[in-house]
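# A look at the structure
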Amino acid sequence: MSQTLRQHAEQQFAEELEELKKADNRERPENWVLSPWAVAEYLMGGTLANGFQVSAKYIGNRRLMETAIATLATDRALLLFGVPGTAKSWVSEHLAAAVSGDSTLLIQGTAGTSEEQLRYGWNYAELLAKGPSQAALVPSPLMRAMEQGKTARVEELTRIPADVQDTLITILSEKSLPVPELGIETQAIRGFNVIATANNRDKGINELSSALKRRFNTVILPVPASEEEEVSIVTKRVSELGRALQLPGEPPALKEVRRVVQIFRELRNGQTEDGKTKLKSSSATLSTAEAISVINSGMALAGHFGDGVLRAGDIAASLVGAIVKDPVQDAVVWREYQETVMKERSDWKDLYRACREQD
């Protein structure tokens, strides 16, 4: 078994990608590993003609994924947009793996991201010794993607300062990256494209300029439409992460996953699932990704400090940390939810008591 804590998508799902490649007889855009149809099958899952089962990477609206894939087959870049925790990075990685066979050409956007990180940098020892030259040039992942005809990924685009974001305009419109110091330019070859992710909820984001927005086709990834869909996502990812992290203990009971998902959905939506009780909303995003984290933390507690069976007490500690981000406002929201919702549900008494013990 690999010692790598987290494998890249093209490594973790290498067998699926290989089987899809064998079964794929449809037209592929130049330098694509799979056809658009096969990329969609890889993302959404299904059974191939030979009986091989492809696992679902995205549980949700298939048409959204088809729209994203079709965008990458054109000369338009793709922007995956939505609130935190809607699988933007996850989808971005798997799209790049299926389209290019390489998800590692990545730029992680932060407030400190510079133009050099998007375009290219310099080996300063070489630069000082010999002056500007090809040998001294350090290409960015974006430049390498242009040279190789692959997909580059830009995570958290709206965290990058606005003036740095606009470095992408020439690349996306002209498909070229000038290097004025050397009097040359890198021109993108067929297959090159960019997938960017952005969210509209976190603090400290920078709006995209209208000029940059026009260079992208935007696909908005929604929160899971139903409780069942969200439970399926959480169950699947918890199982995968549990194996990857080698967490001791049993897989979580569906009952516990469902309770965490229901709490998150009710606090996120400001009402109970039956619509009968209005609730205050937490300032936390309470995303599907955070629900997965709560269950995984509970499994670690149960496995290392309990009998290996996930129980209410194992979940309660992580629930408080996920929900109460503002110690004043969110504490009120959480206490009210416990008293008006959890306490009144006869089969939630154990979770209510465990959460009260955390207060």
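Structure shown above.
A few points on the structure. Keep in mind that this is a model prediction, so the values were computed, not measured.

## A look at the pattern of salt bridges
Tallying each qualifying case throughout the model produces 27 salt bridges. Across the salt bridge formed by E30 and R190, the nearest N and O atoms sit 3.6 Å from each other. Residue E30 is located in the loop between α2 (14-23) and α3 (36-44), and its partner R190 is located in the loop between β9 (184-187) and β10 (193-198); the two are separated by 160 residues in the primary sequence. Both residues of the pair, E30 and R190, belong to the exposed class. Here K280 and E336 are joined by a salt bridge, their closest N and O atoms 2.7 Å apart. Taken together, the positions of K280 in the loop between α13 (254-269) and α14 (288-305) and E336 in helix α16 (residues 329-342) put the pair 56 residues apart, joining distant regions of the chain. Using a relative accessible area of 24% as the deciding quantity, one classes E336 as partly exposed. By sharing partners, the salt bridges in this structure join E41, R62, R63 and E66 into a single network.

## Observations concerning the packing of helix α12 (residues 227-245) against α13
Packing of α12 against α13 leaves a shortest axis separation of 9 Å and a crossing angle of 125 degrees. When the interaxial angle is binned, α12 and α13 end up oblique. Pair α12 / α13 crosses with right-handed handedness. Between α12, through E227, E228, E230, V231, V234 and T235, and α13, the contact on the second element is made entirely by L254, V257, R258, V261, Q262, R265 and R268. In terms of residue class, the contact of α12 with α13 is built from 5 nonpolar, 2 polar and 6 charged.

## Notes on the nonpolar core
I263, F264, I295, L319, W334 and Y337 are the most contacted members of the largest nonpolar core, which has 36 residues in total. Of all the secondary-structure elements, those providing two or more residues to this core are α12, α13, α14, α15 (312-323), α16 and α17 (349-358). When residues in this core are grouped by element, the largest group, 7 residues, is from α15. Beyond its immediate sequence surroundings of up to four residues, F264 is in contact with L286, S287, E290, A291, V294, L319, A322 and I323. Formed by 32 residues, the second largest nonpolar core is a distinct cluster that contains L105, I107, L208 and L212.

## With respect to α14
End to end, α14 covers 26 Å across 18 residues, agreeing with the expected 26 Å (1.5 Å per residue, within 8%). Taken residue by residue, α14 has T288, E290, A291, I292, V294, I295, N296, G298, M299, A302 and G303 as its buried positions. The inward-facing, buried residues of α14 abut α12, α13 and α15.

## A short note on the side chain of N193
Looking at where N193 falls in the secondary structure, it is placed in strand β10. A polar contact is formed between the side chain of N193 and the backbone oxygen of R76, at a distance of 2.9 Å. Residues within four places of N193 in sequence aside, it is in contact with T71, L72, T74, D75, R76, A77, K150, T151 and A152.

## Side note on the packing of aromatic side chains
The full count for this structure, using the stated rule, is 3 aromatic pairs. Ring centres of F13 and Y42 lie 6.3 Å apart, and the angle between their planes is 80 degrees; on these two criteria the pair is classed as edge-to-face. Here the residue F13 occupies a position in the loop between α1 (9-12) and α2, and Y42 occupies one in helix α3, the gap between them amounting to 29 residues. According to the relative accessible area criterion, F13 is buried, its value standing at 7%. Judged by its relative accessible area of 0%, Y42 is buried. Ring centres of W334 and Y337 lie 6.0 Å apart, and the angle between their planes is 10 degrees; this geometry places the pair in the stacked category. In this pair, W334 and Y337 are both assigned in helix α16, 3 residues apart and thus about one turn of the helix distant. For Y337, a relative accessible area of 1% translates into the label buried. Between the NZ or CZ atom of K57 and the centre of the ring of Y42, over which it lies, the distance is 4.1 Å. Sitting over the face of the ring of W348, R345 holds its NZ or CZ atom 4.6 Å from the ring centroid.

Thresholds applied
Residues numbered from 1 in each chain as written. Predicted model: local features only at pLDDT ≥ 70, side-chain atom pairs only at ≥ 80, totals over all residues. Heavy atoms only, no water. Salt bridge = Lys/Arg side-chain N within 4 Å of Asp/Glu carboxyl O. Helix = DSSP H or I, 4+ residues; strand = E, 2+ residues; numbered from the N terminus. Buried < 20%, exposed > 50% of the residue type's maximum accessible area, 1.4 Å probe, protein only. Axes fitted to C-alpha atoms, helices over the stretch in contact; angles between N-to-C directions. Parallel < 35°, antiparallel > 145°, perpendicular 65-115°, else oblique. Left-handed = near helix turned anticlockwise from the far one by under 90°. Contact = heavy atoms within 4.5 Å. Nonpolar A, V, L, I, M, F, W, Y, C, P; charged D, E, K, R; others polar. Core = buried A, V, L, I, M, F, W, Y, C linked by side-chain atoms within 4.5 Å. Expected span 1.5 Å × (residues − 1). Polar contact = N/O pair within 3.5 Å; in protein donor to acceptor, adjacent residues only side chain to side chain. Phe/Tyr/Trp six-rings, centres within 6.5 Å; stacked < 30°, edge-to-face > 60°. Lys NZ or Arg CZ within 6 Å of the ring centre and 35° of its normal.

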